[in-house]
Amino acid sequence: MKNKIIDLRSDTVTLPTQKMREAIFNAELGDDVFEEDPTVKRLEKMAAEIVGKEAGLLVTSGTQGNLVSIMTHCKRGDEIILGNLSHTFLNEVGGISALGGIHPHTVINNEDGTMDLKDIEDAIRDDNIHYPRTRLICLENTHNRCYGAPLTVEYTNDVCAIARRHNLKVHLDGARIFNAAVALNVDVKELTKNVDSLSFCLSKGLAAPVGSLVCGTNEYIKEARRYRKMLGGGMRQAGIIAAAGLVALEDMVERLKEDHKNARILAEGISQIPGLAIGLEKVKTNIIYFDLITDRISAELLLKKMAERGIKFLSTGKNRFRMVTHYGITEEDVNITLKSLKEILTH
Ligand SMILES: Cc1ncc(COP(=O)(O)O)c(C=O)c1O
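So, how was this worked out
- Residues numbered from 1 in each chain as written.
- Predicted model: local features only at pLDDT ≥ 70, side-chain atom pairs only at ≥ 80, totals over all residues.
- Heavy atoms only, no water.
- Near = heavy atom within 4 Å.
- Polar contact = N/O pair within 3.5 Å; in protein donor to acceptor, adjacent residues only side chain to side chain.
- Areas by Shrake-Rupley, 256 points an atom, 1.4 Å probe, with all protein chains shown as cover.
- Helix = DSSP H or I, 4+ residues; strand = E, 2+ residues; numbered from the N terminus.
- Salt bridge = Lys/Arg side-chain N within 4 Å of Asp/Glu carboxyl O.
- Buried < 20%, exposed > 50% of the residue type's maximum accessible area, 1.4 Å probe, protein only.
- Lys, Arg positive; Asp, Glu negative; His and termini not counted.
- Contact = heavy atoms within 4.5 Å.

**Some details on the site of the ligand**
In the region of the ligand, the neighbouring residues are S61, G62, T63, N66, H87, E92, E140, N144, D173, A175, R176 and K204. Taking G62, its main chain carries an N or O atom lying 2.8 Å from an oxygen atom of the ligand. Between the ligand and R176 there is a distance of 2.8 Å, counted from an oxygen atom to a side-chain nitrogen or oxygen. Contact with the protein chains removes 85% of the 390 Å² of surface that the ligand exposes when unbound. Top contributing element to the shell around the ligand by residue count: helix α3 (residues 62-73), with three residues.

**A few points about the pattern of salt bridges**
Considering all chains together, one arrives at 25 salt bridges under this definition. One salt bridge connects E49 with K45, and the closest N-O pair in it is separated by 3.3 Å. You can see E49 and its partner K45 sitting in helix α2 (residues 38-51), four residues apart, about one turn around the helix. For E49, a relative accessible area of 48% puts it in the partly exposed group. Here R165 ties to E121 by a salt bridge, and the two come within 3.1 Å at their closest N and O atoms.

**Re the pairing of strand β2 (residues 55-59)**
Successive side chains on a regular strand alternate, one facing one side of the sheet and the next facing the other. Taking burial as the measure, the five residues of β2 include five buried ones, the bulk of the element. Here β2 shows no split at all, with A55, L57 and V59 on one side and G56 and L58 on the other all buried.

**A look at unusual backbone geometry**
A cis geometry characterises the amide bond from N141 onward to T142, with omega recorded as -5°. For Y147, which is not a glycine, the phi torsion comes out positive at approximately 60°. Topologically, Y147 is positioned in the loop between β5 (134-140) and α7 (153-165). Note on Y147: relative accessible area 9%, which makes it buried. Even without a glycine there, the phi angle at N185 is positive, about 55°. Note that N185 resides in the loop between α8 (177-184) and α9 (188-192). Taking relative accessible area as the criterion, N185 reaches 70% and is therefore assigned exposed.

**Quick look at the side chain of D173**
Note on placement: D173 falls in strand β6 (residues 169-173). Buried D173, no salt bridge; nearest opposite-charge side chain is K204, N-O distance 7.1 Å. With sequence-adjacent residues up to four places away left out, D173 is seen in contact with N66, H87, T88, E92, L139, E140, N141 and S199.

All quantities given are derived from atomic positions and should not be read as evidence of function.
Laid out in C-alpha cells, this is it:
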C-alpha cells in the first residue's frame, strides 16, 4: 500500500466526508439564480441562524465572500480600514481595488491578530475634500497570518463600538470563525453579534469541497446577491455544493477541537527539536508557524527531505514555515511528522 501523504499545507486540502458525498448525490436541486434551489435555501437559512443574522448568501469562495461583502458596503473611491497582515489585503489579488475601486487603508496587525484600537480610530478620515471616505472596518477571525489567533468577543465588540461612534460598518472575514468559537469556547453568535456582515468558509476545516457564506441583514444580502451575480458567482444547481455545506455545519464544527489539540501536540513537539523555534504561547487553533534556527540545513532542503517522506507543509518567509492541522490529520500523523523532523534535523 502507498504511504499516506501527510498534507499540512492548509486546511483547504480537506476532502469531503462520506456523508457529504451521499448528500451531494441525493441533493434536491433547482436554479439558484431564480432562487429556486431548495438545498441552497436551507443552507443559507441555517448559516444565518447559526451566526445570528437575518440572511445568508452562498458564494463560491472566501475571496468572493469578502469581495462581495466589501463591495456591498462601499462605493468606488471609499476607503476601508484593515490589517496589514489580513488575508484580504495580502492574498485576494487586490480585488477590492481592481474590481471595486475601493481604497485599502492598512493598520498594523499585532501578533494576536488585533489592530490597536487607537490605530483604528486614528485611521478614520475626517470629512475633507482631499480624503477618500472611510466606510468600513474589516476584521479577520481567526487570523491566518497571525498564528491562527482567535479575536475575542470583547475585542470584536470594542471595534464595533468605534465603528458605531463614527457611523462606519464592520465586516468580519470569518473564514475560520468556527475555529475561533471552539477555541474560545463561546457561541459563535457572540463573535458575530455586532458586526454588520461576515463571510465564513465551508471548504477549510469544515471539509466541504466548495463554498462560503456571506451573512447580514435581509436588505444587505439582497444587495450582496446583485454583486455576487456581477462577479460571476450566480450559480445554477448550486445545491450540489450546499448539500455538503449542510453536513459541514451539522457535523464538522465540534470536531475542530481535535485539530486544535493536534496543533498543540505538533507545536510542543517542535519546541523540543534542536534547530527549530516556535512561540508556543501563540498556538491557539489549528495554524502553527515555526522557524528554522540552525544553518546545518537550509529551509529548502528541509522541505524537500520532508516531502520525500510524504510530509508537506509551506514555507511562508525566510526560514519560516506553516503547518495547519485539519480533518484527515490524525495524532499519529502528527507523531510521524515530529519523528521525521527530528531525524532530519539531528542526523
Ligand atoms: C482568513 C482567510 N480569508 C479568506 C480566505 C480565502 O478563501 P478562499 O481560498 O476560499 O478564497 C482565506 C483562505 O485561506 C483565509 O485564510
